[in-house]
Amino acid sequence: MSSNLLFDFTVDKTTNTVFVNREFAVDLPLVWDAFTKQEILDQWWAPKPWTSRTKFMDFSAGGRRFYAMVSPEGQEHWSIQEYTSISAKTNFKISSVFADNDENINKEMPSSKWDLNFSEQNGTTSVSIIIKHNTLADLEQHIQMGFKEGFTMTLNALDKLFKNLK
Amino acid sequence: MRRDIFQAIADPTRRAIITLIALQAMTPNAIAENFNTTRQAISKHLRILTECDLVKQAYQGREIYYSLEIEKMKEIDKWLNQFREIWETRFNQLDQVLSTIKKQGK
C-alpha cells in the first residue's frame, strides 16, 4: 500500500462535528462496496481485536443495518444505523443510535448523524465522513464501546504488517 | 459542583474568554471590557470555567486574576485523539481488505 495516502481527522469543537477524510488506492466502486455490503463491512469496521457482526443490513433509503461490536470476551454492543438517503456511488447519510440485542433503541444513549461522500481521481478514491453529535461528550460513548482494549496491541501488529508489505 | 468540561467549551463567550486568558492572567473587569455584555454575565462564565477546572484564580491585593489551566485543555485533545486512533485502525484494516479483494478479482 502506498503510504502517501491522505488521512485527516479533525474535530470542530464548536459544532460537535467530527471530520474524517481518507484516500484509498483502489477504484471507487470497490470502496463503495466496502462501505455498503455487509460481508465486506464486517471484515474491517471493528478495530481488532473487536469484531463487527451484522445481524441484518438493508442498504436502501429508509433501510437499516443492525449490528454489534463484539469484544474479545464476547460482550456485544448493538447499534442501529438507518440509511436516511442514498445517492449511488456518491453519497449516503446515516442516523446512528445504540440499541439492545432485540433492536430496541436505547434512548439514554447518544445518537449521531453521518454524511459520507465518495469521489475518485486517477484511481485514488477519497472518502469524506462528517459525523455530527448533539454534544462533544457523546463521543465518549463510542470510545467506551470497547476499542480501548488491546488497542496498542493492534497498532503494533499493524506496524509489523506494513513493514512486511514494504 | 463538578461540571462536564465540554459544557465549558460549548459556549462561544466562554471560548473567547479561554482564548483571552490563555495569553495572560486577567481580572474579571479586564475580561469584561472585551465583551459587549454585563460584568455579571462574565462572572457567571468564569464561575462555570472554574467549576470545570479550566481556569485558576490568583489573588493580587484585592484583585482576582484568572488564567488558563493549559493541562486541562490538553486533556480534551488527548481524549479526542483516541477517536482518531479508532478511525485510523479501522481504515488500515480496510486497506488490507481492499487489497485482498483486488487480488482476488485479478
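Note that residues are indexed from 1 along each chain, following the sequence as it is written. The lettering of chains begins at A and the numbering of ligands begins at 1, in the order of writing. For a predicted model such as this one, the threshold for reporting local features is a pLDDT of at least 70, and the threshold for listing and counting side-chain atom pairs is 80 or more; totals across whole chains, interfaces and linings nevertheless cover every residue.

**Description of the overall build of chain B**
Secondary structure elements follow DSSP: runs of H or I no shorter than four residues count as helices, runs of E no shorter than two count as strands, and numbering proceeds from the N terminus. Within chain B, the secondary structure is distributed over five helices and two strands. Counting from the amino terminus, chain B carries its helices and strands in the arrangement α-α-α-α-β-β-α. What the globule rule says is 2.2 Å times the number of residues to the power 0.38, and the radius of gyration is computed from C-alpha atoms. The C-alpha radius of gyration computed for chain B amounts to 21 Å, which surpasses the reference 13 Å derived for 106 residues by more than 25%, pointing to a less compact arrangement than a globule. With respect to the three principal axes, the spread of C-alpha positions in chain B is 75 × 25 × 25 Å. Among the 106 residues that make up chain B, the fraction classed as buried is 21%. Counting other C-beta atoms within 10 Å of a residue's own tells you its class, since 20 or more makes it buried, 12 or fewer makes it exposed, and anything in between is partly exposed; those C-beta atoms are placed from the backbone.

**A word on the interface of chain B and chain A**
Counting residues at the interface gives 24 residues for chain B, matched by 31 residues for chain A. Within the residue set of the side of chain B that touches chain A, elements represented by two or more residues are α1 (5-9) and α5 (70-105) of chain B. Looking at which element gives the most residues to the side of chain B that touches chain A, the answer is α5(B), with 20 residues. Any pair of residues counts as being in contact when their C-beta atoms, constructed from backbone geometry, are within 7 Å of one another.

**Here's the deal with the sheet that holds strand β2 (residues 17-24) of chain A**
All names here are of chain A. Taken in spatial order, the eight strands make up an open sheet running β1-β2-β8-β7-β6-β5-β4-β3, and their pairing is antiparallel. At either end of the open sheet lies a strand with only one pairing partner, and these are β1 (7-12) and β3 (51-57). Each strand axis lies, on average, 20 degrees off the axis of its neighbour in the sheet, ignoring direction. Paired strands are those between which DSSP finds at least two bridges. Where strand β6 (residues 91-99) and strand β7 (residues 112-121) come together, six bridges link them in antiparallel fashion. In the sheet register, Ser-95 faces β7, and the bridge partner there is Lys-113. Set on the sheet, helix α1 (residues 28-36) makes contact with β2, β7 and β8 (124-133); between it and β7 the angle comes to about 160 degrees. Geometry is summarised by axes, namely lines fitted to C-alpha atoms with helices restricted to the contacting stretch, and by angles between N-to-C directions that run from 0 to 180 degrees.

**Structural notes on the domain arrangement of chain B**
Residues and elements named next belong to chain B. Along its sequence, chain B is organised into domain 1 (1-68) and domain 2 (70-106). Of note, the centres of domain 1 and domain 2, computed from C-alpha atoms alone, are 36 Å apart. The partner domain 2 presents four residues to the four residues of domain 1 that form the contact. Think of it as three bins: nonpolar holds Ala, Val, Leu, Ile, Met, Phe, Trp, Tyr, Cys and Pro, charged holds Asp, Glu, Lys and Arg, and polar takes everything else, Gly as well. Broken down by class, the residue content of the side of domain 1 that touches domain 2 amounts to three nonpolar, no polar and one charged. Each domain's extent is set by a domain assignment, obtained either automatically or from a database.

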